[in-house]
Amino acid sequence: MKDLPFISYQHPTYTHQEMLQRSRQFYEWMNKRRSVRMFSSEPVLQEVLENIVMTASTAPSGANKQPWTFCVVTDQKLKRQIRIEAEKEEKISYEQRMPQEWLDDLKPFGTDWHKEFLETVPALIVVFKRNYETDADGHKHNNYYVSESVGLATGFLLAAIHQAGLVALTHTPSPMNFLKQILDRPANESPFLLIPVGKPHPDTKVPDLRRKHAGEVLVWYDLDRTDK
Ligand code: IYR
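Residue positions within a chain follow its written sequence, with the count starting from 1. Per-residue local features of the predicted model are confined to residues with pLDDT of at least 70, and side-chain atom pairs are confined, for both listing and counting, to 80 or more; whole-chain, interface and lining totals are unaffected and use all residues. As a rule here, side-chain values come from all non-hydrogen atoms in the structure, and water together with hydrogens is ignored.

### A look at the packing of aromatic side chains
Phase 1: Stacked, tilted and edge-to-face pairs are distinguished by plane angle, under 30 degrees for stacked and over 60 for edge-to-face with tilted covering the rest, among Phe, Tyr and Trp rings (Trp via its six-membered ring) whose centres lie within 6.5 Å. For the coordinates displayed, the defined rule picks out 1 aromatic pair.
Phase 2: A centroid spacing of 6.2 Å and a plane angle of 50° characterise the contact between F39 and F117, whose relative ring orientation is tilted. Here the residue F39 occupies a position in the loop between α1 (16-30) and α2 (46-56), and F117 occupies one in helix α5 (residues 117-120), the gap between them amounting to 78 residues.
Phase 3: Two conditions define a charge sitting above a ring: the NZ of Lys or the CZ of Arg must be within 6 Å of the ring centre, and it must be within 35 degrees of the ring normal. The ring of F128 carries R185 above its face, with NZ or CZ at 5.9 Å from the centroid. Segments assigned H or I by DSSP are reported as helices when at least four residues long, segments assigned E as strands when at least two residues long, and all are numbered from the N terminus.

### Observations concerning the site of the ligand
Phase 1: It suffices for a single heavy atom of a residue to lie within 4 Å of a molecule or strand for the residue to be listed as near it. For the ligand, the full set of nearby residues is R37, E90, Y94, M98, W102, L106, K115, H171 and T172.
Phase 2: Here an oxygen atom of the ligand sits 2.5 Å away from a polar atom, N or O, in the side chain of Y94.
Phase 3: Between an oxygen atom of the ligand and a side-chain N or O atom of H171, the distance comes to 3.1 Å.
Phase 4: Within the complex, 71% of the 370 Å² of free accessible area of the ligand lies under protein. Any pair of N or O atoms that falls within 3.5 Å is considered a polar contact. Within protein, one atom must be able to donate a hydrogen and the other to accept it, and sequence-neighbouring residues count only if both atoms are side-chain atoms. The accessible surface values rely on the Shrake-Rupley method and a 1.4 Å probe; as for residues, cover is taken only from the protein chains in view.

Taken by themselves, the reported measurements are silent on function.
Right under this line is the structure:
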């Protein structure tokens, strides 16, 4: 450690009371986030989109390689092209590739192969993972824990979108390779997620879903503790 360029780091600390309040408030705020499929076409400021992406890019990553690229598409022609190609794949998926159990699981969401929102939404954020980097001599260097890292960054992205008062959908047309072609991405990148972002349409409806409660998602291993 001694000769490495380390810098000191300060982070605020809080009393138990303050932490209770802050953690509760943040949970309540994040618990209001919903995936939305109905968007207003009202534009979003470019700087807002940039802030959202740069928040995503603060995520931790394997060996700090930051193995991600966020392509922000606001160009109408490109959005249309992406919609057309996504719908082509989705139509085959819904009609031929997805087994009945999957289709049944999706019934509560009311989804089908039509993806009009890809064209009407003000921005599409296409997340690419960077599987390797090429150095100046043309040597390839694999990145580490790429899917985990890009998944974390995408989580930060969704939180930043929510914080800005915007809504999004984590959309997964499959296969997604058309995104690499349309956006002309380099060989080391592969598409990870397609995220339409905008204000919700005034008539937005979302399925009446239930989030799992603590007893279903949280397991304590601290039976000795007496402070609970
Ligand atoms: N990619 C399709 C199907 C789909 C799959 C899952 I898993 C979802 O949670 C929702 C949709 C689509 O976007 O319609």
